[in-house]
Amino acid sequence: MSQATYSQPDRRRPEPLWYQVEEAIRALVKSGEWPTGCQIPAEPRLGTMFGVSRITLRHALRNLEEHGLLRRERGRGTFVRSTKLVAGTRELTSFTQEMGNLGLVVGSRLLDFGLTTADAAAAAALEIEEGEPVVRIRRLRLGNDAPIGIQTAQLPVARVPDFLEPGPPEGSLYEALSRRYGINPVEAREIYRVASVGAEDAALLDLPAGTPAFVVERITTDERGPFEFTVSVMRGDRYEIRSTLRS
């Protein structure tokens, strides 16, 4: 591995040292200085690089591991993870934000953008009448140019009037909703199940038809109630679920 370019934490800054170390490591991964699969320096070397204590360093490394950017292998060391989106205990973020937090280059290919009517599942999730108009946004989501999942979001037209007029939003959907309508997510509920990928989705995900995948249903609410119902089909080899259980 080449000599990494990095900066040591600045104790004059208000951010905690562990946070500054965490951001520095993210930058090294995102820049390609520490590419996917490479082994990063051992803890003593990292402590010297960043000029911090082992406790501070381990705090940063633990956070990066929980977010899926790093993986620690007993007896071997710590490695930069492959392109995999990790779900579990985390903040309520958009796909764009989540991918950025993992140090991955987010990409998206629009598959469908238009009006449709709410079926029974969407109506129940969005607390509207079946048949009411909804905006449908279907996208192929990419990480480092590799397909990760297909997401189909539905938004009630009553909450997002004239949403179609400027065309499909670029970047984060949540940012567009916040900017245009003052809609900011407060809570999201997710249901996970495993199902076989149909032929159409399999072709988009570069998988054989019938391959098992995660299907995730997400209902996102703001202070006024539910505003988004999303169904995602995620590649099982690039999407991982983690949970932390406490007594």
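Before any of the text, the structure's been laid out above.
Below: a short report on this structure. Going along each chain's sequence as written, the residues are numbered from 1 onward. Since the coordinates come from a predicted model, pLDDT governs what is reported: local features require at least 70, and pairs of side-chain atoms require 80 or more to be given and counted, while whole-chain, interface and lining totals use all residues. Heavy atoms from the whole structure form the basis of all side-chain values; hydrogens and water molecules are not counted.

A word on helix α1 (residues 17-30)
And then number 1: Counting from the N terminus, the helices are DSSP H or I runs at least four residues long and the strands are E runs at least two residues long. Between the first and last residue of a helix there are one fewer steps than residues, each counted as 1.5 Å, and that sum is the expected span. If you check α1, its first and last C-alpha atoms are 20 Å apart, about what 14 residues at 1.5 Å a residue would give, namely 20 Å.
And then number 2: The complete set of buried residues in α1 reads Gln20, Val21, Glu22, Ala24, Ile25, Arg26, Leu28 and Val29.
And then number 3: Immediately beyond the C-terminal end of α1, within one or two residues, lies glycine 32, with a positive phi of roughly 90°. Categorising residues by exposure relies on relative accessible area from a 1.4 Å probe, with only protein chains included: less than 20% of the type maximum marks a residue as buried, more than 50% marks it as exposed, and the intermediate range marks it as partly exposed.

With respect to the nonpolar core
And then number 1: Throughout, nonpolar core names a set of buried Ala, Val, Leu, Ile, Met, Phe, Trp, Tyr and Cys residues whose side chains join them through atoms within 4.5 Å. With 19 residues, the main nonpolar core has Trp34, Leu46 and Phe50 as its most contacted residues.
And then number 2: Elements represented by at least two residues in this core include exactly α1, α2 (43-50) and α3 (54-66).
And then number 3: The leading source of residues in this core is α1, at five residues.

Notes on the packing of α2 against α3
And then number 1: For helices, the axis comes from a line fit to the C-alpha atoms of the stretch in contact; other axes are also lines fit to C-alpha atoms, and the angle between any two N-to-C directions lies between 0 and 180 degrees. As a packed pair, α2 and α3 sit with axes 10 Å apart at the nearest point and diverge in direction by 105°. Taken as axis vectors, α2 and α3 run roughly perpendicular relative to one another. The residues of α3 that touch α2, namely those facing Glu43, Pro44, Leu46 and Gly47, are Arg54, Leu57, Arg58 and Leu61.
And then number 2: Note on residue classes: Ala, Val, Leu, Ile, Met, Phe, Trp, Tyr, Cys and Pro are nonpolar, Asp, Glu, Lys and Arg are charged, and everything else, Gly too, is polar. Tallied by class, the residues present in the contact of α2 with α3 amount to four nonpolar, one polar and three charged. Reported orientations rely on four angle classes, namely roughly parallel under 35 degrees, roughly antiparallel over 145, roughly perpendicular from 65 to 115, and oblique for the rest. Here a residue-residue contact requires only that any non-hydrogen atoms of the pair lie within 4.5 Å.

Some words on unusual backbone geometry
And then number 1: For glutamate 127, which is not glycine, the phi dihedral falls at a positive 60°.
And then number 2: Despite not being glycine, aspartate 162 has its phi angle at roughly 60°, a positive value.

Describing the packing of aromatic side chains
And then number 1: Under the pairing criterion, centres of Phe, Tyr and Trp rings, with the six-membered ring standing for Trp, must be within 6.5 Å; the plane angle then separates stacked pairs below 30 degrees from edge-to-face pairs above 60, leaving the rest tilted. One pass over the full model with this rule turns up four aromatic pairs.
And then number 2: Ring pairing ties together the aromatic residues Phe113, Phe163 and Tyr181, which thus form one cluster.

What to know about the sheet that holds strand β7 (residues 187-196)
And then number 1: Two strands pair under a simple rule: DSSP has to find at least two bridges between them. Strand order in this open sheet of six strands is β4-β5-β6-β9-β8-β7, and the pairing throughout is antiparallel. Strands at the two margins of the open sheet, each flanked by one partner only, are β4 (106-117) and β7. This sheet shows a mean twist of 15° between the axes of neighbouring strands, independent of strand direction.
And then number 2: As judged from the 10 bridges shared by strand β5 (residues 133-143) and strand β6 (residues 146-156), these two strands associate in the antiparallel manner. The residue of β6 that forms the bridge with valine 135 is leucine 155.
And then number 3: Across the sheet, helix α6 (residues 173-181) lies against β5, β6, β8 (212-222) and β9 (225-235), angled at about 165° from β9, the strand it touches most.

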